[in-house]
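Below, each chain spelled out in residue letters.
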Amino acid sequence: MLPGLDLAGARVDGMVQLSDCRVRGRLMLAGTQTAGPLHLARAELVADDDSPALQLNQAAIGDDLWAPGLRVRGEVRLTGTTVAGSVVLNEARLTHEGGPALDAETCAVEGHLLVRHARVRGWIGLRAARVAGRLDLSYTCLSHPGGPALRASSAAVGELWLRRGPHPVHGTLNLRRAQLDVLFVEPEMVPERVHLSGLTYTTLTPHEPAERRLPMLERDADGYAPDAYEQLTAAYRRIGDDHAARRVQLAKQRRHRGTLPWYGRLWGFVQDAAVGYGFRPLRAAGWLLSLLAVGSVAFALDSPRPLKPGEAPPFDPVFYTLDLLLPVISFGQEPAFAPTGWHQTLAHLLVLAGWILATTVAAGVTRSISRQ
C-alpha cells in the first residue's frame, strides 16, 4: 500500500500503469500529460483527509482512462481534464458522502464516458463537460439524497443513457441547458426532482407513451418549463407519433393554466372542457349535438309564440335550436319567434353556449395553425 503518490505536472511518453494498486492518501496526477493510456483498473484509493483521493484535474491523457472496478473513498477530480480516448469506470465504487464523488466539470472526452453497473454515493459533476460519445450510466446506482445526484448543466453529450438500475436515481437530476443528440432514459430511472429548463435533444428513446414521459416534466423543480414540453413534442413528431405529440401539448396547456390569474384559469377550464384546447375537436361536436337534442326536445314540447303570426314561417324546433347555437348561420327561425318563461332562459343559455363553443373552437384552430 502506498502512502500517496505525486506525479503532478509529469510528462509521460507512454502509458501510466497503476492497476491493482492501493493508495491511502492522495494520488496526485494534476496537470499530468501522457502519450498513452492511464490504467487504474481495480485500484483502491482512500483519502486520509478532505482532499481529493484522485486529483487528475487539468491533465491530458493521450488514450483511454481505463479504470473498471476502481474503488475510491473520497473525491475523484477530473475538472478540466482532456481524454483522447474513453473514460471507463464500469463496476466502480465511488464514495464521497455529501460531496462530489466524481467532479468532471469542463472536462473533454473524445470517446465514451462509461459508468455502467457502478455504485456512486455522492454527486457526479459534469457541468459544461463535453463527451463526444456516450455518457453511459446504465444499471448504475446514483445516490445523493437531498442534493443533486447528477449535475450535467450546460454539458454537450452525444448520448446520455440512464437505463434501469437497482433503483431510481436518489437525488436531483440536473440537465439545465444540456445539449444531447440522444437521450436514452427509462421512466423508472427518473428521480422525484429534475431540472430540465433549456435541455435540448434530438432523439428520445426508448419509445414510451406520452403518459409515461409526462411525469418527468411535472417533476421539474424550477416549475413550469414550456421548452421542456416543446422538446418532448418535437421528439414524438420526429418519429410520427402525432397522438402522443398532441397529448403533450394538451398537458402543456393544462400546466400553463396553473400559472395564470383566476380569470385566465377559468377561461382555460372552459377551453379544456369544450375542445381540449383544440387538441380534441370532436368534443365540440359532442357538446353541440347534446345541446341540440336538449333544445329540440324542449321547444318541440312547448313551441314559442310567433312575433308576427301571419308572417312567421312554420316552427321547426331543430332549426330554431340551431339558430340559437350557431352565432353566424341563420335559418330564419330565431328572429320570428319569442320564447317566454323558462324557455326564454333556455334560449339565452343556448346562445351563450353557442358563443363559448365558437370562441373555444376558434382559439383551438388558431393554436393549431400557429403550431404548424
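Above this note sits the structure.
Quantities reported herein were computed from a predicted structural model and do not represent experimental measurements. (Residues numbered from 1 in each chain as written. Predicted model: local features only at pLDDT ≥ 70, side-chain atom pairs only at ≥ 80, totals over all residues. Heavy atoms only, no water.)

As a further point, take the overall build of the protein chain. When helices and strands are tallied, the protein chain shows seven helices and 28 strands. By the compact-globule yardstick of 21 Å for 372 residues, the protein chain is too spread out, its C-alpha radius of gyration being 32 Å. Principal-axis analysis of the C-alpha atoms places the extent of the protein chain at approximately 110 × 30 × 30 Å. For the protein chain, the share of sequence-separated contacts (at least 6 apart) that also reach a separation of at least 24 residues comes to 47%. Taken as a whole, the protein chain presents about 17,500 Å² of accessible surface, with 56% of it coming from carbon and sulfur. Computed over 39 positive and 36 negative side-chain charges, the separation of the two mean positions in the protein chain equals 2 Å. (Helix = DSSP H or I, 4+ residues; strand = E, 2+ residues; numbered from the N terminus. Rg over C-alpha atoms; globule rule 2.2 N^0.38 Å. Contact = heavy atoms within 4.5 Å. Areas by Shrake-Rupley, 256 points an atom, 1.4 Å probe, with all protein chains shown as cover. Lys, Arg positive; Asp, Glu negative; His and termini not counted. Charge placed at Lys NZ, Arg CZ, Asp CG, Glu CD.)

With that settled, the discussion passes to the nonpolar core. In terms of nonpolar packing, the biggest core is built from 78 residues, with L38, L40, L70, L94 and L126 touching the most fellow members. Broken down by element, this core gets its largest block of residues, five residues, from helix 2 (residues 226-238). Apart from residues no more than four positions distant in its own chain, L126 is found in contact with A104, E105, L113, L135, L150, R151, A152, S153 and A155. With 12 residues, the next largest nonpolar core counts L322, L325, F337 and L346 among its residues. (Core = buried A, V, L, I, M, F, W, Y, C linked by side-chain atoms within 4.5 Å. Buried < 20%, exposed > 50% of the residue type's maximum accessible area, 1.4 Å probe, protein only.)

Counting buried residues in strand 19 (residues 119-125) gives five out of seven residues, a clear majority hidden from the surface. Note: strand 16 (residues 93-103) against strand 19, six bridges, orientation parallel. Pairing of D103 across the sheet is with G125, part of strand 19. Relative to strand 21 (residues 141-151), strand 19 runs parallel, the two being bridged by five bridges. Within strand 21, the position partnered with I124 by the bridge is L150. (Pairing = 2+ DSSP bridges.)

A word on the pattern of salt bridges. Going through the model one piece at a time under the given rule, you end up with 15 salt bridges. A salt bridge links E211 to R247; the nearest nitrogen and oxygen atoms lie 3.4 Å apart. In this pair, E211 is assigned in helix 1 (residues 210-218) and R247 in helix 3 (residues 242-257), connecting sequence segments 36 residues apart. Residue E211 is classed as partly exposed on the basis of its relative accessible area, which comes to 46%. Here K252 ties to E230 by a salt bridge, and the two come within 2.5 Å at their closest N and O atoms. Pair noted here: K252 is in helix 3 and E230 is in helix 2, with a separation of 22 residues, a long-range link. With relative accessibility at 34%, the residue E230 sits in the partly exposed group. Each of the salt bridges in this network shares a partner with another, and the network as a whole consists of R164, E186, E188, E208 and R212. (Salt bridge = Lys/Arg side-chain N within 4 Å of Asp/Glu carboxyl O.)

It is worth spelling out the packing of helix 1 against helix 2 at this point. Packed helices, taken two at a time, are described by the angle their axes make and the gap between the axes. The contact between helix 1 and helix 2 brings their axes to 10 Å, and the two run at 160 degrees. Judged by the inter-axis angle, helix 1 sits roughly antiparallel to helix 2. Crossing of helix 1 over helix 2 shows right-handed handedness. Seen from helix 1, the contacting residues are A210, R213, L214, L217 and E218; seen from helix 2, they are A228, Y229, L232 and Y236. Class assignment for the residues of the contact of helix 1 with helix 2 results in seven nonpolar, no polar and two charged. (Axes fitted to C-alpha atoms, helices over the stretch in contact; angles between N-to-C directions. Parallel < 35°, antiparallel > 145°, perpendicular 65-115°, else oblique. Left-handed = near helix turned anticlockwise from the far one by under 90°. Nonpolar A, V, L, I, M, F, W, Y, C, P; charged D, E, K, R; others polar.)

Attention now goes to helix 1. Residues of helix 1 that are buried include every one of A210, R213, L214, M216 and L217, and no others. Viewed along the axis of helix 1, the buried residues span an arc of 150 degrees, placing them on a single side of the element. Where helix 1 is buried, its residues meet strand 24 (179-185), strand 25 (194-195), strand 26 (200-205), helix 2 and helix 3. (Arc of directions from axis to C-beta.)

The subject of this paragraph is the environment of Y236. Note that Y236 resides in helix 2. The sequence separation of Y236 and H207 amounts to 29 residues, and the corresponding C-alpha distance is 8.7 Å. In contact with Y236, not counting residues within four places along its chain, are H207, E208, P209, A210, R213, D241, A244, A245 and V248. Within polar-contact distance, the side chain of Y236 engages the backbone oxygen of E208 at 2.6 Å. (Polar contact = N/O pair within 3.5 Å; in protein donor to acceptor, adjacent residues only side chain to side chain.)

On to the pairing of strand 24. When you tally the buried positions in strand 24, you get five out of seven residues, the bulk of the element. With six bridges connecting them, strand 22 (residues 156-162) and strand 24 associate as parallel partners. Residue pairing across strands places L160 opposite L183, the latter belonging to strand 24. Note that strand 24 and strand 26 share five bridges and pair parallel. Of the residues in strand 26, the one forming a bridge with V182 is T203.

Positionally, E186 belongs in the loop between strand 24 and strand 25. Classification of E186 as buried rests on a relative accessible area of 13%. Apart from residues no more than four positions distant in its own chain, E186 is found in contact with L162, R163, R164 and P206.

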